[in-house]
Amino acid sequence: MTDEEILAEFRAAGALLEGHFILSSGLRSPRYLQCARVLMDGARAERLARALAGKLPVTLRESIDAVVSPAMGGVIVGHEMGRALGKPAMFVERPEGSFQLRRGFSLKPGEKVLMVEDVVTTGLSSREAIAAIGEAGGEVVAEAALVDRSGGNADLGVPFYPLIRIDVPTYDASDLPEELAKIPAVKPGSRAAE
C-alpha cells in the first residue's frame, strides 16, 4: 500500500480527526488518528495488517514466535498481525498501572516476540510493554505499528517498522500556538478517562 492508500483508509473510516487533542503522552496536537475507528472494519483491519506484515524483512517474519501488543489500542492490530504472520497473538494490559501478561497468556524463556502497536508518538508505552514482555520471558526482536507519529524520534531499543510515518506537530500544553489554544482540548483514545 502506498502512503496515500493508507491515509485513504483512515479518511474513509472517519479516523483522521482535526481539532485540539491531548495525546496519551500529555502533548497536544491539532490532528489525531483514531486507529480504533480504522480497525473496526474487519476487512480494512486485515488489509492494513497484511500491508504492515509485508514491510517486515522475511528473516524477521520467519524468526517470530509470537505477537504481543499493549491493550487497548494494540489489541486489534496485534490480533490481525498474528493472523497475517500465522503466529499466536496475545496482549499485555495494565490492571494496576504497569503492563503484564494475564488471562493465561505466557511466553517461554527466549521466545522471539514482535511487539505491535497502533500508534507510536513518544515510544513510552512501547518501551513499557517491551519491558513487561522481557519480564515475562520473551525477547522482543522488533516492533511494528500502523502509524509512527514520532517524527522518527522514538527510540524503542529494537528495530521499528511502521506502516506509515505521519509528521504532525505536537506541543507542550504551556506552549500552544494561538490558533490551537482557542480550541477546547479533547482527550481521545484509550486513556481518555485517566
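Description of the structure in this document. (Residues numbered from 1 in each chain as written. Predicted model: local features only at pLDDT ≥ 70, side-chain atom pairs only at ≥ 80, totals over all residues. Heavy atoms only, no water.)

Points about the side chain of Glu93
With respect to the helices, strands and loops of the structure, Glu93 is situated in strand β4 (residues 89-93). Apart from the residues within four sequence positions on either side, Glu93 is in contact with Ala71, Ser98, Phe99, Gln100, Arg102 and Arg103. (Helix = DSSP H or I, 4+ residues; strand = E, 2+ residues; numbered from the N terminus. Contact = heavy atoms within 4.5 Å.)

Quick word on the pairing of strand β3 (residues 66-70)
Of all five residues in β3, five are buried; the element is thus mostly enclosed. Across three bridges, the pairing between β3 and strand β6 (residues 112-120) is parallel. Residue pairing across strands places Val67 opposite Leu114, the latter belonging to β6. As judged from the four bridges shared by β3 and β4, these two strands associate in the parallel manner. Residue pairing in the sheet places Val67 in a bridge with Ala89 of β4. The parallel pair β3 and β4, bridged by helix α5 (residues 75-85), forms a crossover whose chirality is right-handed. (Buried < 20%, exposed > 50% of the residue type's maximum accessible area, 1.4 Å probe, protein only. Pairing = 2+ DSSP bridges. Right-handed = clockwise from strand over helix to strand, strands pointing away.)

Digging into the sheet that holds β4
On the basis of which strands lie adjacent, the open sheet formed by six strands has the order β5-β4-β3-β6-β7-β8 and mixed pairing. Each end of this open sheet is capped by a strand with a single partner; those strands are β5 (100-101) and β8 (160-165). As defined by bridge partners, β4 adjoins β5 across two bridges and the pair is classed as antiparallel. Its bridge partner being in β5, Glu93 is matched across the sheet by Gln100. Each of β7 (139-148) and β8 touches helix α1 (residues 3-12); the most contacted strand, β8, lies at about 75° to it. (Axes fitted to C-alpha atoms, helices over the stretch in contact; angles between N-to-C directions.)

Some points on the packing of aromatic side chains
Counted under the stated rule, the structure contains two aromatic pairs. Residues Phe91 and Phe105 carry aromatic rings whose centres are separated by 5.1 Å and whose planes lie at 75° to one another, so their mutual orientation is edge-to-face. Note that Phe91 is positioned in strand β4 and Phe105 in the loop between β5 and β6, a separation of 14 residues in sequence. What makes Phe105 partly exposed here is its relative accessible area of 27%. Stacked on the ring of Phe99, the Lys or Arg Arg94 has its end atom at 3.9 Å from the ring centre. (Phe/Tyr/Trp six-rings, centres within 6.5 Å; stacked < 30°, edge-to-face > 60°. Lys NZ or Arg CZ within 6 Å of the ring centre and 35° of its normal.)

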